[in-house]
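Descriptive analysis of the structure
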Amino acid sequence: MEIRLLHGAAIAPYIDDLARLRLTVFREFPYLYDGTPEYEADYLSTYARSGRSLVVLALDAGRVVGAATGLPLVDVAAEFQQPFLAQGRDPASVYYFGESVVLPEYRGQGLGVRFFIERESYAHKLAEFDYCAFCAVERPGVHPRRPADYKPLQGFWRNRGFLHDPSLRTTYGWRDLDEQETSEKIMSFWLKELPI
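What you see as residue numbers is a count from 1 along each chain, following the sequence as written. Local features in this predicted model are restricted to residues of pLDDT 70 or higher, and side-chain atom pairs are both shown and tallied only at a pLDDT of 80 or more, whereas totals for entire chains, interfaces and linings draw on every residue. Water and hydrogen atoms play no part in the side-chain values, which are based on all heavy atoms of the structure.

Moving on: the UniProt feature "domain: N-acetyltransferase" (unreviewed entry) in the protein chain. UniProt positions are given in the numbering used here, feature names are shortened, and annotations may be inferred rather than shown by experiment. UniProt marks residues 1-192 with the feature "domain: N-acetyltransferase" (unreviewed entry), using the numbering shown here. Strand forms 31% of residues 1-192 and helix 29%; the C-alpha atoms that close the span are 28 Å apart. By the criteria applied, helices consist of DSSP H or I runs no shorter than four residues and strands consist of E runs no shorter than two, each listed in order from the N terminus.

Attention now goes to the packing of helix 1 (residues 15-25) against helix 2 (residues 37-49). Whenever a helix is involved, its axis is fitted only over the stretch in contact; in every case the axis is a line through C-alpha atoms, and angles between N-to-C directions fall within 0 to 180 degrees. Their axes nearest at 9 Å, the elements helix 1 and helix 2 cross at an angle of 120°. As judged from the angle between their axes, helix 1 and helix 2 are oblique. When you trace helix 1 past helix 2, the crossing you get is right-handed. Across from Ile15, Leu18, Ala19, Arg22 and Leu23 in helix 1, the residues of helix 2 making contact are Pro37, Glu40, Ala41, Tyr43, Leu44, Ser45 and Ala48. Each residue gets one of three labels, nonpolar for Ala, Val, Leu, Ile, Met, Phe, Trp, Tyr, Cys and Pro, charged for Asp, Glu, Lys and Arg, and polar for the others, Gly among them. Tallied by class, residues from the contact of helix 1 with helix 2 come to 9 nonpolar, 1 polar and 2 charged. Orientation labels follow simple angle bins: below 35 degrees gives roughly parallel, above 145 gives roughly antiparallel, 65 to 115 gives roughly perpendicular, and whatever is left gives oblique. If you view the pair so one helix is near and one far, a crossing is left-handed when the near helix is turned anticlockwise from the far one by less than a right angle, and right-handed when it is turned clockwise. Throughout, a contact is declared for two residues whenever any of their heavy atoms are within 4.5 Å.

Moving on, we get to the sheet that holds strand 5 (residues 131-137). Strand pairing is assigned whenever DSSP identifies at least 2 bridges connecting the two strands. Strands sit in the order 1-2-3-4-5-7-6 across an open sheet of 7 strands; the sheet is mixed. Edge positions in the open sheet fall to strand 1 (2-6) and strand 6 (163-174), since each of these has one partner strand only. Neighbour-to-neighbour, the strand axes of this sheet turn through a mean angle of 25°, independent of strand direction. In terms of strand pairing, strand 5 meets strand 7 (residues 183-193) through 7 bridges, oriented antiparallel. By the bridge assignment for strand 7, Tyr131 is matched with Glu193. Together, strand 2 (54-60), strand 3 (63-72) and strand 4 (94-102) form the strand contacts of helix 1, whose direction differs from that of strand 3 by roughly 95°. Lying over the sheet, helix 3 (residues 78-86) contacts strand 4, strand 5, strand 6 and strand 7, oriented at roughly 145° with respect to strand 6.

Turning our eyes to something else, we now look at the pattern of salt bridges. Opposite charge on two side chains permits them to pair, given that their charged atoms come into close proximity. Each reported salt bridge corresponds to a side-chain nitrogen of Lys or Arg within 4 Å of a carboxyl oxygen of Asp or Glu. Following the criterion strictly, the structure yields 17 salt bridges and no others. Linking Arg175 and Asp34 is a salt bridge whose minimum nitrogen-to-oxygen distance equals 2.9 Å. Here the residue Arg175 occupies a position in the loop between strand 6 and strand 7, and Asp34 occupies one in the loop between helix 1 and helix 2, the gap between them amounting to 141 residues. Of the charged contacts, one joins Arg169 and Glu138 as a salt bridge, the two residues approaching to 2.5 Å between their closest N and O atoms. Of this pair, Arg169 sits in strand 6 while Glu138 sits in the loop between strand 5 and helix 5 (154-159), placing them 31 residues apart in sequence.

Right under this line is the structure:
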């Protein structure tokens with residue numbers, strides 16, 4: 001397994017690989033995302049344009065099998081900055097973790113931990129941020145598409161030192177697998193203070 005760290009424009013050649021990975025993994029519960037390659041390319045280009053972005057790639061024999069992303073919160077869509085602004089918090093103090101996605105057959109091998117370590121290390125090295133943060137979709141405990149063997153990630157996130165802050169919530173729209181149209185989903189933030 002090769003781990004590769006990419007920043008800014010170096011991300012652009014991997015946008016199609018990242019899009020395929022996201023479209024595959026985010027179809028699973030809890031996201032149930034029915035996205036398009038066109039939307040993915042547009043979304044991922046944000047990382048290629050940001051000078052302080054990071055993509056951590058996991059490659060097996062040259063094939064992208066996992067990835068994690070990060071960039072300053074000020075470079076992210078307004079919906080994700082708004083909860084911080086509403087509380088008088090400065091979005092410029094936050095390094096945002098976009099996603100951490102791994103193909104099912106590569107899970108349980110430490111990639112998730114490595115992804116968090118690499119992103120936190122990079123945010124700390126930039127020396128501009130007080131917090132790392134990400135947000136996760138909130139789904140009801142009883143959901144018709146929730147698999148019987150679904151393992152929530154909240155414990156994993158707490159073990160990485162992140163705390164849930166349900167007062168920092170936003171909505172973001174996408175089309176679920178069983179939807180004809182886009183609908184707004186509630187998402188809430190998890191934060192970790194970076195060491196000084």
